[in-house]
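Structure at a glance
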Amino acid sequence: MMSAYDVIKRLRAAMPEGVTPKFTTGEELMAWQKEQGRIDSERLAEANRLTRMQRVLGRSGIQELHRECRFGNYKADMPAQQEALRKAKSYAGKFGTGFGGFIFSGGCGTGKNHLAAAIGNELLENGKSVLIVTIPDLMMKFRETYQDGAKTTESKLMDDLCKVDLLVLDDIGVQRGNTNEGVVLFQIVDRRLSSKRPVGMLTNLDAKGMTELLTVRIMDRMTMDGGLWVNFDWPSYRRKVVA
Ligand SMILES: Nc1ncnc2c1ncn2[C@@H]1O[C@H](COP(=O)(O)OP(=O)(O)OP(=O)(O)O)[C@@H](O)[C@H]1O
Ligand SMILES: [Mg+2]
């Protein structure tokens, strides 16, 4: 077998004039190989995460529209907005230390998706998997699994939803919930929390509306282990941009 020294000698000989090799000693070569191994396994983990997102939704975990939403580009003029920003940042910072979820409740265009995506984008950068999905989209995915020739099964879809590090359910209460929706949501929240994985929720409903829609059983779980409730009660940012 060739020694590391031989390999380096041969590589040197094969290199064009003026090119400095990445390593000059056996130790450096070993370190380089180890580093390549680490990069390869990170790539693999990343590919697995992407495959899971693709399988669940046919897209990556955060919609294109919210890819640029960060804490840094969230304008917080009002004290309540600053407080929401601070809480969202701190949630992202503490992620993984508990399984408390978050509920962002408030009117249209107040930045619930913006701050949820900012949390998600930060977690993605730290190698976590994140999925933000609207309830209507999610219910459509479940309905698709009941059809003949479906690509995935209901239990597989449920498994995938329960495996992502952070799942954010968007637009809760937008469509009138049917019984099946309640059952699916309860199962998602219950299964995720029992495996200590948090759920985020975005809604226009207030606490009373959320409890009526999701029942006390779900709301009780959502507020476990330091779950966070933030009211987004300021005017729409969309209107502001137009004006
Ligand atoms: N304070 C803010 N600073 C910068 N951009 C903001 C702010 N609030 C909202 N936006 C932007 O305005 C748009 C609408 O915000 P977003 O989608 O987060 O609202 P929302 O609360 O989810 O509304 P809805 O209830 O209608 O879904 C987004 O493009 C978002 O990036
Ligand atoms: Mg929204």
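Below is a short write-up of the structure. (Residues numbered from 1 in each chain as written. Chains lettered and ligands numbered in written order. Predicted model: local features only at pLDDT ≥ 70, side-chain atom pairs only at ≥ 80, totals over all residues. Heavy atoms only, no water.)

A few words now on helix 3 (residues 79-93). Taking 1.5 Å per residue, 15 residues should reach 21 Å; helix 3 reaches 21 Å between its end C-alpha atoms and fits that length. Along helix 3, the residues classified as buried are Gln81, Ala84, Leu85, Ala88, Tyr91 and Ala92. Buried residues along helix 3 cover an arc of 125 degrees about the axis, so they all sit on one side. Opposite the buried face of helix 3, at more than 90 degrees from it, the exposed residues are Pro79 and Gly93. The inward-facing, buried residues of helix 3 abut strand 1 (102-106), helix 4 (112-125), strand 3 (166-172) and strand 5 (228-232). (Helix = DSSP H or I, 4+ residues; strand = E, 2+ residues; numbered from the N terminus. Expected span 1.5 Å × (residues − 1). Buried < 20%, exposed > 50% of the residue type's maximum accessible area, 1.4 Å probe, protein only. Arc of directions from axis to C-beta. Contact = heavy atoms within 4.5 Å.)

Below, the discussion takes up the environment of Ile188. Along the chain, Ile188 turns up in helix 7 (residues 179-194). Classification of Ile188 as buried rests on a relative accessible area of 0%. The residues touching Ile188, leaving out its near neighbours within four places in the chain, are Leu138, Phe142, Met158, Leu161, Cys162 and Leu167.

Our focus in this paragraph is the packing of aromatic side chains. Summed over the entire model, instances satisfying the criterion amount to five aromatic pairs. Ring geometry for Phe104 against Phe232: centres 5.1 Å apart, planes inclined by 40 degrees, an arrangement best described as tilted. Of the two residues, Phe104 sits in strand 1 while Phe232 sits in strand 5, which places them 128 residues apart along the sequence. One exposure class covers both Phe104 and Phe232, and it is buried. Judged by centre distance (5.1 Å) and plane angle (40 degrees), the rings of Phe232 and Trp234 are tilted. (Phe/Tyr/Trp six-rings, centres within 6.5 Å; stacked < 30°, edge-to-face > 60°.)

Below, the discussion takes up the packing of helix 6 (residues 154-163) against helix 7. Between helix 6 and helix 7, the shortest axis-to-axis distance is 9 Å and the interhelical angle comes to 45 degrees. With respect to each other, helix 6 and helix 7 are oriented oblique. Between helix 6 and helix 7 lies a crossing of right-handed hand. Note on element contacts: helix 7 touches helix 6 through Val184, Gln187, Ile188, Arg191 and Arg192, opposite Met158, Asp159, Leu161, Cys162 and Lys163. Looking at the contact of helix 6 with helix 7 residue by residue, the classes come out as five nonpolar, one polar and four charged. (Axes fitted to C-alpha atoms, helices over the stretch in contact; angles between N-to-C directions. Parallel < 35°, antiparallel > 145°, perpendicular 65-115°, else oblique. Left-handed = near helix turned anticlockwise from the far one by under 90°. Nonpolar A, V, L, I, M, F, W, Y, C, P; charged D, E, K, R; others polar.)

One pass over the full model with this rule turns up nine salt bridges. In this structure, Arg38 and Glu35 form a salt bridge, with 2.7 Å as the shortest nitrogen-oxygen distance. Taken as a pair, Arg38 and Glu35 lie in helix 2 (residues 26-57) at a separation of three residues, close to a single helical turn. Of the charged contacts, one joins Arg191 and Asp159 as a salt bridge, the two residues approaching to 2.8 Å between their closest N and O atoms. With Arg191 in helix 7 and Asp159 in helix 6, this residue pair connects regions lying 32 residues apart in the sequence. If you follow the salt bridges from partner to partner, you end up with Glu83, Arg86 and Lys87 in one network. (Salt bridge = Lys/Arg side-chain N within 4 Å of Asp/Glu carboxyl O.)

Let us now look at the site of ligand 1. By nearness alone, 16 residues border ligand 1, and Lys75, Gly109, Lys112, Asn113 and His114 come closest of all. Contacts to ligand 1 include Gly109, whose backbone N or O atom sits 2.8 Å from an oxygen atom. In the environment of ligand 1, an oxygen atom lies 3.1 Å from a nitrogen or oxygen atom belonging to the side chain of Asn204. Expressed as a share of its isolated accessible area of 630 Å², the protein-covered part of ligand 1 is 85%. Judged by the fraction of its atoms near the pocket grid, ligand 1 is located in the largest pocket. Breaking the shell around ligand 1 down by element, the ones donating at least two residues are helix 4 and helix 9 (237-242). Ranked by residue count, the leading element in the shell around ligand 1 is helix 4, at three residues. (Near = heavy atom within 4 Å. Polar contact = N/O pair within 3.5 Å; in protein donor to acceptor, adjacent residues only side chain to side chain. Areas by Shrake-Rupley, 256 points an atom, 1.4 Å probe, with all protein chains shown as cover. 1 Å grid on protein atoms, 1.4 Å probe; cavity = no way out; pocket = protein on both sides within 12 Å on 5 of 7 lines; lining within 4 Å. Sits in = over half its atoms within 2 Å of the grid points.)

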